[in-house]
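Here is how the chains run, residue by residue.
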Amino acid sequence: MRTNLPHVKSEIFQAMQNVDVQKLGQFSEHDLRPVLPCLVRMALCAPVDTGERWTKARKIVLKILSGIEVVNSIVALLSIDFHALEQDVKKEQQLRSKIGGNQTESVLVSQLQTGLALEFEHSDPARRIRLLLSELLFILSQVKESKHEFYQKQSELFESEVYLEEVSDVLCIAQAELPTLLPIKDVAEALLHVQNGAWLLCQLIANSPDCFKEVCCSLVANGERQDEEGVGGRKRMELLQTLCAMNPSESLNIRSLCVKNCTMPGLTISLSLEMVQLSLSKGTSLQPTENDLVSFVSGLLLGNNADVRTWFSQFIKVSQKRKRDPGTSMLYAMRLELLEQLIAILPEGDQCISPSHVVKACSFIRLYCALKGMATLRFTDEEMKLLLRLVTSKPPPTQSGARFVSLGLCMLIACPYLLGNQEQERQVVDWIKWLMAEESSFERETDKSSSFGEMLFLIAIHFHGNHMHNIAELVCSTLGMKSAVKANSLARIRQIFTQEIFTEQVITSHAVTVPVTGGLNSNMTGYLPIHCIYQLLKSRAFSKYKVPIKDWIYKQICSSSYPLHPLLLSLIEAYVNTIIIKSAKTDHTNEPITDQEILAAYRDSVFTGPSQMEEKKNRPAARKNLMPQLLILYYVLLYEDTLSKQLKNIAMSNRAVQSYPQSLMAQVPINYLMQEAQRHQELYGGLFSSLLRLLVTQYPHLCIVEDWLEVSMQSTATCLNPDISLASKCVCTPQAYNEALTNLKSSPTPMLQILSKLIHLPVEDILQFSECIVFSLPAMLDPDIPRKVVDLVKRAWFRVHTLTPRSLRLATVNALRPQESGKFKYTSFTELDITIDPLIVLRCDDRIFRCPPVLEILLRVLVSYSQACRVYMENHIQSNPVMDNNNQIELERQELKNALLAAQDSAIIQILLECCLPKPGEESCPENVSLSNGELRPLTKDVTLHQKVRRPSNLSTSDEAKPKISTMGLLSNLREVQCLICSYIHQSFISDPNLAKLVHFQGYSEDLLPVTVAGIPSMHICLDFIPELLSQPQLDKQKFAIKLMSYLGCQYALPKSLSIAKLCVNVMITMAGVCDNDERVNYFLETIPYLTKVCQAFPPLCEDVTSLLTQVGRICYSHLSFSSNTPESEFSLENGDSEKLEPARKKFKSAGQIKLSQTIRYHHLYKVVQQTFSEIVTKAVVTRDLY
């Protein structure tokens, strides 16, 4: 821009923006010259505001304009016909929109006789506007066509300085009168392409101050990503710099617009530098809002916006590579300014940094690291010298000083080229030694919360282990940015750390002397002693130099708090590995935590501490810190898990590694800790998932689904706050419980009150009643005890079970053993006894199998010990490994283990199935019936098996004699017991389907088939192995398969069942021809009655079954005709009593006793065939319900 043209002062622009007429009157004519077009329009045009205030203001404007001669020419511009001009401008725009239009073709002006400048000088105001608009519209058309290269218009009108003021007046009036045809954003873009366009645009915006932001937004949005590399970019930057000089208050907003659009990075630096110079020219101190160069550039490079980082980094890279004079770039100016500010905060000589400059020094370190690491800025010699002086400065012992030291250490690693000679290396060594000497003072002043000593040791540890990746992560996390750390450039730094200052033995010996961090939790930032210890454990440094670390780790665990520090679990894992897994570097291993130390951590546990009610009385409510107990539990579980995996290697190396005894684990409240960890997972981080993984592997009997659901249901019940008004006033103590138990038969009310209150207490408070509850279980077996009391005792038992399951299960098993008077006293079983042989659980009082609540407790105990037995067997195999790597032997051991477990599980199921059978006194009870396929049947025997009732053919099923159940109902203790046992068997079958096959190949009482098929939902899997069962050579197994199939067919009438039922019929047809007389009659006497169910489930098989019955009947008829004198009429079902199944002995031919018995059985079989055929006709053939 020309220097002798009048510029718009910022004060005038502000006055125009605020319409401050009084202030405008204070300026000279020369200063007001740029805004005269706007003042003339304000004075002459009809105002919208007709108030008194504006009337006075207009008079002041007229007074200002009265003495200025150039106002007359501006007034003449307002007197032309703008309506006609608008029509011509529209035609001119249409002409210019045609591609290839010539500048000489114009609607606004005719052929020019002279040059444009002379024509403008000799023309009247109307023609002057037309000349300017014609030239401006032509430039706009050319700008739109030249999209790639910057278009520079050589215009005589805009280049002649003599006419610029008049051109400015004409432009301002034209734009003000024709705003829709001349959008100011398009005019601004057009003026970029002519000489003196920036000056003209400033004049235009000064006369339309409300358009300032709109124009700036448009210029920035259309700007280049790298504005210093092209002519257009530099002109646009100069234009915006001029606009910001005219309105400095908008500089920050324009800079923000550049960052938002990722355009014109040079302008952003230029505006920042101008703000610095502006603040210095005022003679004021550099305020953050006025001089934010360091923070602004740091924000661009370290912010969260990746596009902004890439954009500004590219600007720095391009500016370093530019071929023309680099001294003219904004990057060069920025570096000079940064150096000046850096020099201002450097201490003189050997003095410490001023406390007020420490934070600024930290900002400089991060900024230069970002420039080097992210934008690849190459430091000059002067910059490296000053930066090394800054890094090796001595900060004050404050938190910000410790932060400065950490950043300085990271900068030495991120920018290793700062050490150019031996003198600079010696400077760094002296500085690090000074840090080691002053570490204690820093810890003392900052309460150990911001010490840099751990970081020093951590860097040294990584250098010793050659863990360059870890060093890079450490540097990046401390600096808060991604920085490339090249290993080949760190040779000298590594040598300084590992050989001159920190040897590995020095680090190891010093580490154990560092105090543990009190209340360690995830809210603590920075580098703590745990970081160093963890790295030394990973590198086996403690084992190598035989430095004991067990006490330090135990103290740190006991000093931890919530929320969980993320490194604690890794620390424990590394520690356990150094105990069990032998290192290739050394034979020495660390010592494990002792049993006494583990028990000491649980001295104040829920088992040994005061009850919750007592705690509330003694101290205010506060969350108890369970973190040490949880971490010790994690350590023990991880130790045992790692030991079990390494047993073979340990045995081969002849090492002795001890396992923690089960008696120790019995004193750890595992379930309580797991529930707390699950309930407050936000405090314990990922500890719950890690504990659960280990617990499922080693203690699956503590992870039973029903137990976890029980806890959830109890929590829900607690939230519902049930009514316990009945028991609110009673005394609930163990002594009161025992007294109520003694008088239970005579007065059950006190017991009900105590139990009602007991089950609603917090589970920690119920723990003291555990012995009382277990002691009362045998008394609950008395049939005279009210059922509600038994149910409440069961609920109380399950509540205690959620907290301390193992000790409660053991006590329960011993308490429920049969106690016979006058006999010797049994020795109590131990946990190991029952774990090895879970069948001990079933050696209990027989009355339990008719007391459903206590049986439910017993089955829960049985499930737990069955799973514990599996873990014990697996651990036993692992603890006695095969040394010669013989896979065949190992496979045989696994098969033997599986066979033993299968035999044990099948024995349990067989015992439980036997308990489902009614006792002699229960058979006659009308309530012992089962509901199967809509028919009420006795639980003992099927009505078609042994009760061959003769029924007329016209008698419907609804008229049959059925058990009388109207008074007693279906629900009984036996039925409830059967439901519980069937549920247990169902879960067993689901977990191991092979167990179902084993049990059914062993067989069980056919009287239980209605119960098992209807009560065990997983019985459908038996359909898979019934064909195999039929193929067995033992006739008993074949008969059991046919009986089982008859019930399964009724329960699961599926296509698969139909094919298997047909197979059963075919097998029976085959057996009719291959069996001898004795086997045949016994075989069909047991199987033929079940064909009724087969036909009832699958009517298409009636034809095959009828054929079978005919064949068997003929066989019987032949045998009876040959061996007896019975007349043919007695073979008919109609002529004899169906209950009289034996013919008169006198009618048989004389023969031996054996032949006589066989003949009787054949006669019996013949009657069974007739009865079965009659039932098939009645039940299986559809004669009713036809629609």
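Note that the structure is a prediction, hence the values are computed from the model and not measured.

**Q** Where do I start with the overall build of the protein in this structure?
**A** Per the secondary structure count, the protein includes 59 helices and two strands. Contacts in the protein between residues far apart in sequence, at least 24 positions, make up 75% of those at least 6 positions apart. Entry remark: accessible area of the protein is about 55900 Å², with carbon and sulfur atoms responsible for 52%.

**Q** Teacher, can you tell me more about a nonpolar patch on the surface here?
**A** Taken together, the side chains of Leu 44, Leu 62 and Val 75 define a hydrophobic patch exposed on the protein surface, amounting to about 230 Å² of accessible area. In this fold, Leu 62 is placed in helix α5 (residues 52–65).

**Q** Teacher, can you tell me more about the packing of aromatic side chains here?
**A** This model, assessed by the stated rule, comprises 18 aromatic pairs. Aromatic pair Tyr 635 and Tyr 660: ring centres 6.1 Å apart, planes at 70°, arrangement edge-to-face. In this pair, Tyr 635 sits in helix α35 (residues 627–652) while Tyr 660 sits in the loop between α35 and α36 (662–665), placing the two residues 25 residues apart along the sequence. A residue is classified by how much of its surface remains accessible, and Tyr 660, at 7% relative accessible area, is buried. Aromatic rings pair up to connect Phe 457, Phe 463, Phe 497 and Phe 502 into one cluster. The ring of Phe 296 carries Arg 255 above its face, with NZ or CZ at 3.9 Å from the centroid.

**Q** Would you take a moment to explain unusual backbone geometry for this structure?
**A** Negative phi values dominate among residues other than glycine, just as trans dominates among peptide bonds. Looking along the chain, the bond that leaves Tyr 562 and enters Pro 563 is cis, with omega of -5°. Tracing the sequence through the fold places Pro 563 in the loop between α31 (550–558) and α32 (568–580). Notably, Cys 262 is not glycine yet its phi reads approximately 55°, a positive angle. With phi around 55°, Lys 546 is a residue other than glycine that occupies positive phi space. You can see Lys 546 is positioned in the loop between α30 (541–544) and α31.

**Q** So what exactly am I meant to see when it comes to the packing of helix α18 (residues 293–302) against helix α20 (residues 330–345) here?
**A** Helix-helix packing is characterised by the crossing angle of the two axes and by the distance between the axes. Here α18 crosses α20 at 125°, and the two axes come no closer than 11 Å. The pairing of α18 with α20 is recorded here as oblique in orientation. As α18 packs across α20, the resulting crossing turns out to be left-handed. Of the residues in α20, those in contact with Leu 293, Val 294 and Val 297 of α18 are Met 334, Glu 337, Leu 338 and Gln 341.

**Q** Explain the pattern of salt bridges here, please?
**A** Oppositely charged side chains can pair when the atoms bearing their charge come close. For the structure on display, the rule yields 34 salt bridges. For Arg 492, the salt bridge goes to Glu 500, with nearest N and O atoms at 2.9 Å. Taking relative accessible area as the criterion, Glu 500 reaches 31% and is therefore assigned partly exposed. Between Lys 1043 and Glu 1086 there is a salt bridge, with its nearest N and O atoms 3.0 Å apart. Highlighted residues: Lys 1043 in helix α54 (residues 1035–1051) and Glu 1086 in helix α56 (residues 1077–1087), separated in sequence by 43 residues. In the salt-bridge network here, residues are joined through shared partners; they are Glu 1006, Asp 1036, Lys 1039, Lys 1043 and Glu 1086.

**Q** Hey, could you run me through the confidence of the model for the protein in this one?
**A** Segments scoring low in pLDDT should not have their predicted coordinates read at a detailed level. Mean pLDDT for the protein: 82, with 85% of residues reaching 70 or above. Within the protein, no element has a lower average pLDDT than strand β2 (residues 935–938), which sits at 38, and none a higher one than helix α51 (residues 993–1002), at 95. Every residue in residues 615–622 is under pLDDT 50, and counting partners more than four places away or in other chains gives one contact. The low-confidence segment residues 1135–1152, where pLDDT is below 50, has 33 contacts with residues more than four positions distant or belonging to other chains.

**Q** I keep staring at α35 and nothing clicks. Help me out?
**A** In an α-helix there are 3.6 residues to a turn, and that puts residues three or four apart on one side. For α35, built from 26 residues, the straight-helix expectation of 38 Å at 1.5 Å per residue is met to within 8% by its first-to-last C-alpha distance of 37 Å. Along α35, the sharpest kink reaches roughly 60°, centred on Gln 646. A large share of α35 lies buried, amounting to 21 of its 26 residues. Directly after α35, the chain includes Asn 654, whose backbone phi takes a positive value near 55°.

**Q** Hey, could you run me through helix α41 (residues 734–742) in this one?
**A** Among the residues of α41, those classed as buried are Pro 734, Ala 736, Tyr 737, Ala 740 and Leu 741. Viewed end-on, α41 has its buried residues packed into an arc of 160°, placing them on one side of the element. Exposed and oriented more than 90 degrees from the buried face of α41 are Gln 735, Glu 739 and Thr 742. Residues of α41 that are buried sit in contact with α42 (749–758), α44 (770–776) and α45 (787–803).

**Q** Explain the state of the cysteines here, please?
**A** Tallying each qualifying case throughout the model produces zero disulfides. Free cysteine Cys 172: the closest other cysteine sulfur is in Cys 38, separated by 8.6 Å. With no disulfide of its own, Cys 982 has Cys 916 as its nearest cysteine by sulfur position, at a separation of 5.5 Å. For Cys 982, a relative accessible area of 3% gives the class buried.

**Q** Quick question: what am I supposed to make of the environment of Thr 804 here?
**A** Structurally, Thr 804 can be placed in the loop between α45 and α46 (805–815). Classification of Thr 804 as buried rests on a relative accessible area of 8%. Spatially, the C-alpha atoms of Thr 804 and Glu 764 are 9.9 Å apart, while their sequence positions differ by 40 residues.

**Q** It is not clear to me how the packing of α45 against α46 should be interpreted in this structure. Could you clarify?
**A** Direction vectors running N to C along α45 and α46 enclose 135°, while the axes themselves pass 6 Å from each other. With respect to α46, the axis of α45 lies oblique. For the pair formed by α45 and α46, the contact residues are Trp 797, Val 800, His 801 and Leu 803 on the first element and Pro 805, Leu 808, Arg 809 and Thr 812 on the second. Its residues assigned to classes, the contact of α45 with α46 shows five nonpolar, two polar and one charged.

Criteria and cut-off values
Residues numbered from 1 in each chain as written. Predicted model: local features only at pLDDT ≥ 70, side-chain atom pairs only at ≥ 80, totals over all residues. Heavy atoms only, no water. Helix = DSSP H or I, 4+ residues; strand = E, 2+ residues; numbered from the N terminus. Contact = heavy atoms within 4.5 Å. Areas by Shrake-Rupley, 256 points an atom, 1.4 Å probe, with all protein chains shown as cover. Patch = residues over 30% accessible without salt bridge, like charges linked within 9 Å, V, L, I, M, F, W, Y side chains within 5 Å. Salt bridge = Lys/Arg side-chain N within 4 Å of Asp/Glu carboxyl O. Phe/Tyr/Trp six-rings, centres within 6.5 Å; stacked < 30°, edge-to-face > 60°. Buried < 20%, exposed > 50% of the residue type's maximum accessible area, 1.4 Å probe, protein only. Lys NZ or Arg CZ within 6 Å of the ring centre and 35° of its normal. Axes fitted to C-alpha atoms, helices over the stretch in contact; angles between N-to-C directions. Parallel < 35°, antiparallel > 145°, perpendicular 65-115°, else oblique. Left-handed = near helix turned anticlockwise from the far one by under 90°. pLDDT = per-residue confidence, 0-100. Expected span 1.5 Å × (residues − 1). Bend = angle between axes of the 7 residues up to and from the residue. Arc of directions from axis to C-beta. Disulfide = S-S within 2.5 Å. Nonpolar A, V, L, I, M, F, W, Y, C, P; charged D, E, K, R; others polar.

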